[in-house]
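So you can see what is in the structure, the chains are spelled out below.
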Amino acid sequence: MSKKKLAILIISLRGGGAERVASILLQELHEVYDVHLVLMSRDIVYDIPDNIRIHYLTDQPADESTLSRMMNLPRLAWAYHKLARREGFDVSLSFMYRPNFINVLARKLGMKARVLISERNNPSEQHPLFRFLVRRLYGDADVVVPNAAGMGRELINNFGVPEAKVAVIHNPVDFSLIRGEGDIPANANAGTEGPFRFVTLGRLNRTKNQVMLVEAMHVLEDKDCVLDIIGEGDQRPVIEDAIKKYGLEKRVNLLGFRKNPHQYMADANSFVYGSNFEGFPNVLIEAMALGLPVISTDCRFGPREILHPTDTDYSRSVSAPLRAEYGYLQPLNDAKAMADTMRLIMENSDLREQMSKKSLERAGEYEKDKIITRFRQIIG
């Protein structure tokens, strides 16, 4: 009996939350399905199993404008439709906005494959053109897979996606890999010597708001602590300017992209996150799997769902630091409040130990095998 043909459509595998999830699915599904990886860029940093065929739908220029990329959607949808027909895809699973748009448009052009689209960001926070296309296209997919319950409600209530088509699946997290890459046992809570070490991980862009974390470090100028920022992106010059402005060259380290970020996270005492909006930030779960106390802004949608699941009212953000069930939730873009909680974590070892235990408890609910089972159920 031949295997079902599964296409995974994504822009690239260059690093980032969606790309990491796609790479995990490639590793976990390639023996069950005949998996084809369809990319729009040749930028690959994650390992791909040998038996997976790679197709390049296009090779987008790095400096291509958003308008140009949107105007190319019909052409790419037609190319994807032809590829799907030639290869006989049974199921097409896409990640991120443009691949999702292409996936649904290819269906409208006659593609026979079942269309599954994975939504990983709050569409209400996106460009107006993106919001328009989400409203017009997402309801035509067979299944829409948000990675946070709050985002599922957003798609149903504000974007017209039929509730019956929405299947919330959280991001898969490979704890054995994370702990192996960190080369420490869970809950080692490393970094007891030298300055107190905070760490954050994410693309350097306005959304992730690493500048606010730099400002929080400036507020903590009287404390013996450092901040490691892991990631790369177009906001690097802005973050570098902020570091210079506050004289933090010796206390804030820009480490760039790291294929294995967990070895750096494992050396930290606490994980901090300053994002303005999210879908479901894998990195919080990864930090918790390493036993790190977590401090995160209360942005929509993921952090509250992870850290404070008994109160998932996303209609408002906290106005002051909140000791949640599994970490701290912070007001958006408030360096002073972030610094206050960072100081509290630094000065209270009993609190850190309690939060570390709660991190490990919560992380266990996102074990990779449970999530892969859910994906297999919707793929069929």
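Scope of this entry: the structure provided in the associated data block.

Reading the values: rules and limits
- Residues numbered from 1 in each chain as written.
- Predicted model: local features only at pLDDT ≥ 70, side-chain atom pairs only at ≥ 80, totals over all residues.
- Heavy atoms only, no water.
- Helix = DSSP H or I, 4+ residues; strand = E, 2+ residues; numbered from the N terminus.
- Rg over C-alpha atoms; globule rule 2.2 N^0.38 Å.
- Buried < 20%, exposed > 50% of the residue type's maximum accessible area, 1.4 Å probe, protein only.
- Contact = heavy atoms within 4.5 Å.
- Areas by Shrake-Rupley, 256 points an atom, 1.4 Å probe, with all protein chains shown as cover.
- Lys, Arg positive; Asp, Glu negative; His and termini not counted.
- Charge placed at Lys NZ, Arg CZ, Asp CG, Glu CD.
- Expected span 1.5 Å × (residues − 1).
- Arc of directions from axis to C-beta.
- Core = buried A, V, L, I, M, F, W, Y, C linked by side-chain atoms within 4.5 Å.
- Pairing = 2+ DSSP bridges.
- Axes fitted to C-alpha atoms, helices over the stretch in contact; angles between N-to-C directions.
- Phe/Tyr/Trp six-rings, centres within 6.5 Å; stacked < 30°, edge-to-face > 60°.
- Salt bridge = Lys/Arg side-chain N within 4 Å of Asp/Glu carboxyl O.

Digging into the overall build of the protein chain
Then comes step 1: Scanning the protein chain from terminus to terminus reveals 15 helices and 13 strands.
Then comes step 2: For a compact globule of 380 residues, the expected C-alpha radius of gyration is about 21 Å, and the protein chain comes in at 21 Å, within 12% of that figure.
Then comes step 3: The C-alpha extent of the protein chain, read off along each of the three principal axes, is 65 × 40 × 35 Å.
Then comes step 4: In the protein chain, buried positions account for 56% of the 380 residues.
Then comes step 5: For the protein chain, restricting intrachain contacts to residue pairs at least 6 apart in sequence, the fraction spanning at least 24 positions comes to 68%.
Then comes step 6: With an accessible surface of roughly 15,500 Å², the protein chain has 47% of that area assigned to carbon and sulfur atoms.
Then comes step 7: Measuring between centres, the 50 positive side-chain charges of the protein chain sit 7 Å from its 49 negative side-chain charges.

Concerning helix 15 (residues 368–379)
Then comes step 1: Spanning twelve residues, helix 15 covers 17 Å between terminal C-alpha atoms, matching the ideal 16 Å at 1.5 Å per step.
Then comes step 2: Regarding helix 15, the residues found buried are Lys368, Ile371, Ile372, Phe375, Ile378 and Ile379. Viewed end-on, helix 15 has its buried residues packed into an arc of 120°, placing them on one side of the element.
Then comes step 3: Buried residues in helix 15 make contact with strand 1 (5–10), helix 1 (17–29), strand 4 (91–95), strand 5 (114–119) and strand 6 (143–146).
Then comes step 4: Gly380, located one to two residues past helix 15, shows a positive phi value of around 100°.

Some remarks on the nonpolar core
Then comes step 1: Counting residues in hydrophobic clusters, the biggest one holds 34 residues, and the most contacted among them are Val38, Leu57, Tyr80, Phe89, Phe101, Ile102 and Tyr138.
Then comes step 2: Mapped by element, the contributors of at least two residues to this core are strand 1, helix 3 (73–87), helix 4 (97–108), strand 5, helix 5 (128–137) and helix 6 (149–159).
Then comes step 3: Among the elements that take part in this core, helix 3 stands out by supplying six residues, more than any other.
Then comes step 4: Counting residues in hydrophobic clusters, the runner-up holds 32 residues, among them Ala148, Leu201, Phe280 and Leu329.

With respect to the sheet that holds strand 12 (residues 322–323)
Then comes step 1: One open sheet accounts for seven strands, arranged 9-8-7-10-11-13-12; its pairing is mixed. Two strands lie at the open edges of the sheet, namely strand 9 (252–256) and strand 12, each paired on one side alone.
Then comes step 2: As defined by bridge partners, strand 12 adjoins strand 13 (residues 328–330) across two bridges and the pair is classed as antiparallel. Paired with Arg323 across the two strands is Tyr328, which belongs to strand 13.
Then comes step 3: Packed onto the sheet, helix 9 (residues 236–245) meets strand 8 (225–230) and strand 9 and runs at close to 160° relative to strand 9.

Here we look at the packing of aromatic side chains
Then comes step 1: Scanning all chains against the criterion turns up eight aromatic pairs.
Then comes step 2: A centroid spacing of 6.1 Å and a plane angle of 55° characterise the contact between Phe101 and Tyr138, whose relative ring orientation is tilted. Residue Phe101 is located in helix 4, and its partner Tyr138 is located in the loop between helix 5 and strand 6; the two are separated by 37 residues in the primary sequence. In this structure, Phe101 and Tyr138 share a single accessibility class: buried.
Then comes step 3: Each ring, one from Phe280 and one from Tyr366, has its centre 5.5 Å from the other, and the planes form 45°; the classification is tilted. One end of the pair, Phe280, is in the loop between strand 10 (270–273) and helix 11 (282–289); the other, Tyr366, is in the loop between helix 14 (349–363) and helix 15, and 86 residues separate them in sequence.
Then comes step 4: A residue is classified by how much of its surface remains accessible, and Phe280, at 4% relative accessible area, is buried.
Then comes step 5: Three or more aromatic residues link up through ring pairs in this structure, and these residues are Tyr97, Phe101, Phe130 and Tyr138.

Overview of unusual backbone geometry
Then comes step 1: A positive phi angle, close to 80°, is found at Met96, a residue other than glycine.
Then comes step 2: Within the secondary structure, Met96 sits in the loop between strand 4 and helix 4.
Then comes step 3: Phi at Asn333 is positive, roughly 55°, even though this residue is not glycine.

Considering the pattern of salt bridges
Then comes step 1: Applying the stated criterion to the full structure yields 22 salt bridges.
Then comes step 2: Between Asp174 and Lys368 there is a salt bridge whose closest N-O contact spans 3.4 Å. Of this pair, Asp174 sits in the loop between helix 6 and helix 7 (175–182) while Lys368 sits in helix 15, placing them 194 residues apart in sequence.
Then comes step 3: Here Glu361 ties to Lys358 by a salt bridge, and the two come within 3.6 Å at their closest N and O atoms. Taken together, the positions of Glu361 and Lys358, both in helix 14 and three residues apart, correspond to about one turn of that helix.
Then comes step 4: For Glu361, a relative accessible area of 44% gives the class partly exposed.
Then comes step 5: According to the relative accessible area criterion, Lys358 is partly exposed, its value standing at 28%.

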